[in-house]
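Spelled out, the chains give:
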Amino acid sequence: MSFTPAAPHPRYDALLAEWCDLLRRCQEPTADDAPAPDPAPYGADLLGRWAEPQRRYHTLDHLQAVLDHATELTAYADDSDAVALAAWFHDAVYRPDRSENEERSAHLAERALPEAGVAADRTAEVARLVRLTVTHDPAEGDHNGEVLCDADLAVLAGDPAAYAAYAAAVRSEYAFVPDDAFRTGRAAVLRQLLALPALFRTPYGRDQWERTARRNLTTELELLTA
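Residues numbered from 1 in each chain as written. Predicted model: local features only at pLDDT ≥ 70, side-chain atom pairs only at ≥ 80, totals over all residues. Heavy atoms only, no water.

**Structural notes on the side chain of His90**
Now for step 1: Inspection of the secondary structure assignment puts His90 in the loop between α4 (80-89) and α5 (101-115).
Now for step 2: Residue class for His90 comes out buried when judged on its relative accessible area of 0%.
Now for step 3: Residue contacts for His90: discarding those within four places in its chain leaves Trp50, His62, Val66, Ser105, Val130, Thr133 and Asp152. (Helix = DSSP H or I, 4+ residues; strand = E, 2+ residues; numbered from the N terminus. Buried < 20%, exposed > 50% of the residue type's maximum accessible area, 1.4 Å probe, protein only. Contact = heavy atoms within 4.5 Å.)

**So, the layout of surface pockets**
Now for step 1: One number sums up the size of the largest pocket: a volume of about 860 Å³.
Now for step 2: Contributing to the lining of the largest pocket are 31 residues, with His58, Glu102, Tyr174, Arg186 and Val189 lying nearest its centre.
Now for step 3: Among the secondary structure elements, those contributing two or more residues to the lining of the largest pocket are α5, α7 (143-153), α8 (160-173) and α9 (179-195).
Now for step 4: No other element matches α9, which puts seven residues into the lining of the largest pocket.
Now for step 5: In this structure, the second largest pocket encloses a volume near 200 Å³.
Now for step 6: Of all the secondary structure elements, the ones that give two or more residues to the lining of the second largest pocket are α1 (12-26), α3 (60-72) and α4.
Now for step 7: No other element matches α4, which puts four residues into the lining of the second largest pocket.
Now for step 8: Looking at the lining of the second largest pocket residue by residue, the classes come out as seven nonpolar, three polar and three charged. (1 Å grid on protein atoms, 1.4 Å probe; cavity = no way out; pocket = protein on both sides within 12 Å on 5 of 7 lines; lining within 4 Å. Points joined across faces, edges and corners; volume = space filled by probe spheres on them. Nonpolar A, V, L, I, M, F, W, Y, C, P; charged D, E, K, R; others polar.)

Note that every value here comes from positions in space, so none of it alone points to a role or purpose.
As C-alpha cells, then:
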C-alpha cells in the first residue's frame, strides 16, 4: 500500500488516530516477535483515497458518518472491529464512472490487511462485508453485514435538509451524466432500495431510521419521475 497524503480535513488527525487504534487491535502477533507494521502509512493511504477530488458524497465526511453509525450499532455486531475495517475500505476505491468500485475496494482490503498484520479469516470477513455494500441486502443472521449496511444507509434517514444535501452531493458526483440518464438511473436505484423488505436490519435501525428513510426515498423518486 503506497503512502498518499490526504487533503487537509478538520478530522484528519482524529481519523488517523482512530485507524491506528483499530489496526493495532486487529494485528496478529508476529512469529518472531518482530514489531507489527506501522498502521499510520496504511491509514494515510486510505484517507488520501477518501479525499480524492472526484468525490462529492463518498468523502471523508461519509467515512466519518459510517464509522460513527457503526459505533452506534456496535452491540449488534459479532465482530465490531471487522465491521469498522470494512467501513474504512468499503468505498476506498471510488470512481463514479465505474461499476466495480466495491469489488476493487474489497481487493484492496485483501492486499493491504494481510500485509498490515491482520489474520486471514478477519481479512476475508472484511472483504465479504465490503462486497455486501453492492446490494445492502445481508442474509438473515448476518449480524456484521446488518451493522455495516445499516451504517452505510443511515444517511437516507436524515432530516429534509440533510437528505437534500445528500441527494445534491450524489448528483454532483455524477455531473458527467446527462440529466435524463441520471434521473433514469437514480430512479432505478431508489426503486431497488424501496423494494427491499427492510432498508435497515438491526432493531435500532428499523426503529429509528426505517420510516424516515422510506419517506425520503419515496419523495425523491416522485420528484425524479414527475
